Each structure stands twice: as C-alpha cells, then as structure tokens.
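Given next are the chains, with one letter for each unit.
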Amino acid sequence: MSWIEEIDYQESKGKLRKIYDRIKGPGDYIDNILKVHSLRPYSLEGHMALYKYVLHNSTNDTPVHFLEALGVYVSMLNGCSYCVDHHFQGMKRLLKNDERAEKINSAFREDQPEQVFSAQECAVFDYARKLTLNPAKMMEEDVVKLRNQDLTDGEILEINQVVSYFCYANRTVLGLGVSTDGDILGLSPNDQTDEGNWSHS
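Below or above, wherever it landed, is the structure these notes cover. (Residues numbered from 1 in each chain as written. Predicted model: local features only at pLDDT ≥ 70, side-chain atom pairs only at ≥ 80, totals over all residues. Heavy atoms only, no water.)

### Concerning unusual backbone geometry
For clarity, the threshold we go by: Exposure classes here rest on a 1.4 Å probe applied to the protein chains alone. A residue is buried below 20% of its type maximum, exposed above 50%, and partly exposed in between. Put simply, DSSP marks the helices as runs of H or I at least four residues long and the strands as runs of E at least two long, and each gets a number from the N terminus on.
A positive phi angle, near 55 degrees, is found at Lys96, a position not held by glycine. Given a relative accessible area of 75%, Lys96 falls into the exposed group. Even without being glycine, Asp111 reaches a positive phi, approximately 50 degrees. Of note, Asp111 is situated in the loop between helix H6 (98-109) and helix H7 (119-133).

### With respect to the packing of aromatic side chains
Any aromatic ring pair is given by two values, namely how distant the centres are and how the planes are angled relative to each other. Note the cut-off: Classification of ring pairs rests on two measures: the distance between centres of Phe, Tyr or Trp rings, Trp counted by its six-membered ring, which must be within 6.5 Å, and the angle between planes, read as stacked under 30 degrees, edge-to-face over 60 and tilted in between. Either the NZ atom of lysine or the CZ atom of arginine qualifies as a charge over a ring when it sits within 6 Å of the ring centre and within 35 degrees of the ring normal.
Per the counting criterion, the structure on display carries eleven aromatic pairs. Between Tyr73 and Phe108, the ring centres sit 5.1 Å apart and the planes meet at 45 degrees, which makes this aromatic pair tilted. Residue Tyr73 is found in helix H4 (residues 64-77), and its partner Phe108 is found in helix H6; the two are separated by 35 residues along the sequence. Look at Tyr73 and Phe125: their rings are 5.2 Å apart centre to centre, the planes differ by 70 degrees, and that puts the pair in the edge-to-face class. With Tyr73 in helix H4 and Phe125 in helix H7, this residue pair connects regions lying 52 residues apart in the sequence. The pair formed by Tyr73 and Phe125 is uniform in burial state, with each residue classed as buried. Members of the aromatic cluster, connected to one another through ring pairs, are Phe66, Tyr73, Phe108, Phe117 and Phe125. Stacked on the ring of Tyr9, the Lys or Arg Arg17 has its end atom at 4.2 Å from the ring centre.

### Here's the deal with the packing of H4 against H7
Spelled out, the test is: Throughout, an axis means a line fitted to C-alpha atoms (over the contacting stretch in the case of helices), and angles, computed between N-to-C directions, take values from 0 to 180 degrees. Less than a right angle of anticlockwise turn of the near helix away from the far helix marks a crossing as left-handed, whereas a clockwise turn marks it as right-handed. The contact rule is simple, with two residues in contact once any of their heavy atoms fall within 4.5 Å. Residues are grouped as follows: nonpolar covers Ala, Val, Leu, Ile, Met, Phe, Trp, Tyr, Cys and Pro; charged covers Asp, Glu, Lys and Arg; every other residue, Gly included, is treated as polar.
Interaxial distance between H4 and H7 falls to 10 Å at its minimum, and their mutual angle equals 40 degrees. Here H4 and H7 pass one another in a crossing that is right-handed. Across the interface between the two elements, Phe66, Ala69, Leu70, Tyr73, Val74 and Leu77 from H4 touch Glu121, Val124, Phe125, Ala128, Arg129, Thr132 and Leu133 from H7. In terms of residue class, the contact of H4 with H7 is built from ten nonpolar, one polar and two charged.

### Examining the state of the cysteines
Put simply, the test is: By disulfide we mean two sulfur atoms from cysteines, separated by a distance within 2.5 Å.
Per the stated rule, a full pass over the model turns up zero disulfides. Counting only cysteine sulfurs, Cys83 is the nearest neighbor of Cys80, a cysteine outside any disulfide, at a range of 3.7 Å. According to the relative accessible area criterion, Cys80 is buried, its value standing at 1%. Counting only cysteine sulfurs, Cys80 is the nearest neighbor of Cys167, a cysteine outside any disulfide, at a range of 10 Å. For Cys167, a relative accessible area of 13% gives the class buried.

### Considerations on the pattern of salt bridges
Here is the rule: Put simply, a salt bridge is a Lys or Arg side-chain nitrogen that is within 4 Å of an Asp or Glu carboxyl oxygen.
Scanning the entire structure with this criterion turns up eleven salt bridges. For Lys92, the salt bridge is made with Glu102, and the minimal N-O distance between the two is 3.8 Å. Remark: Glu102 occurs in helix H6 and Lys92 occurs in helix H5 (residues 81-95); sequence separation between them is ten residues. Note that Arg147 is salt-bridged to Asp153, the shortest N-O span being 2.7 Å. Residue Arg147 is classed as partly exposed on the basis of its relative accessible area of 37%. Judged by its relative accessible area of 44%, Asp153 is partly exposed.

What follows is the structure, encoded as structure tokens:
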C-alpha cells in the first residue's frame, strides 16, 4: 500500500478507530491515501478537513466537476498517477458524459486544455500550471489575468486552494509510495451512507 507502516481498520483503536468509523466505506474500506496517515491520526484529520472543505464544500461557486478536472490536471503535471486515476473517475462520474471525459483526458495528456475548454477555463489551467511548476514566479498579474476572464476573487481563491491541495496530496502520495492497490476508484462523499461518511475521491 505504501513505503511506511500503516494500521488497518481491524487493528485500529482509540482516536484512529473513531476517525476510521467516520470515513470508512463498504467492508470497512479506507482509501490508501488516508490510511497512510494512520500513525498520526491528527494528520489524517487535517488531510480530511482540507480535502472536504476545499473540493466538496457545497458553497463553492466553481462546479465540482471542474474542480475535479483541475485536480486531474495538476496531478498529471506532478506525475501522480494515484490522484489522476482517482479523480479522473470522480470527474467522469460527475460529468455523466464519458465521451467528454475521455476528450478531457486526452487534452490533458497532450497539455492542451484548449482542445476542450473555454478561454476562461484555459486561463485557470494556465494559472494552475504555473503555480504547480513554478510557484516562486507567481505574480499579481497572474491573478489579474483570471479577473480579466470574469472570475471573482472568491472563485480565484477556490481555484488556488484546489491547486494547492492537489500539490499537497500528490507529494504525500509520491513521497510515501502510496499505490491504488485495493482502492475503489472514484468513490465520493455522495457515495457514502447518511451517517456523514466520506472517502477521498
């Protein structure tokens, strides 16, 4: 599952068991990207909160399927196949259009989002590319370009936080050797029970 020790649901206890009980899926399933935090439950809580409120907050103005697409793009730039695989499936499920999802996948792999996205959306991907690959070169002008595409500062903040979250998640996965072995790809908070459980993708 990863390069470090992990605690499975069956062996968990105390605070970790309580967290696992909140987030587990069918058959006591825990996503590998979450289980890798198991030696430090407070780290797991932090990751979960960041993921949930940045990507799946119901008050976001940016559509969730676009935020998922942004996550796939950032993960491709970072070479993180784990997050690409998970969030492509999440995006595909939300789009409910397999043909468009495959066109998006192809455009991202060629690093040509303009093949399938609007000028406004492409400005977001340009921002995401620079922030991911050259963060120290970011300038106020990069935000102004988004404003010039009629994006509000609130939407710009949402975009910034999703890009930043995925850079964090990608480095967690890549730095600890997290694999998709045994994972359920594309599971989302909406797929969980009415007890408020949720999973990574």
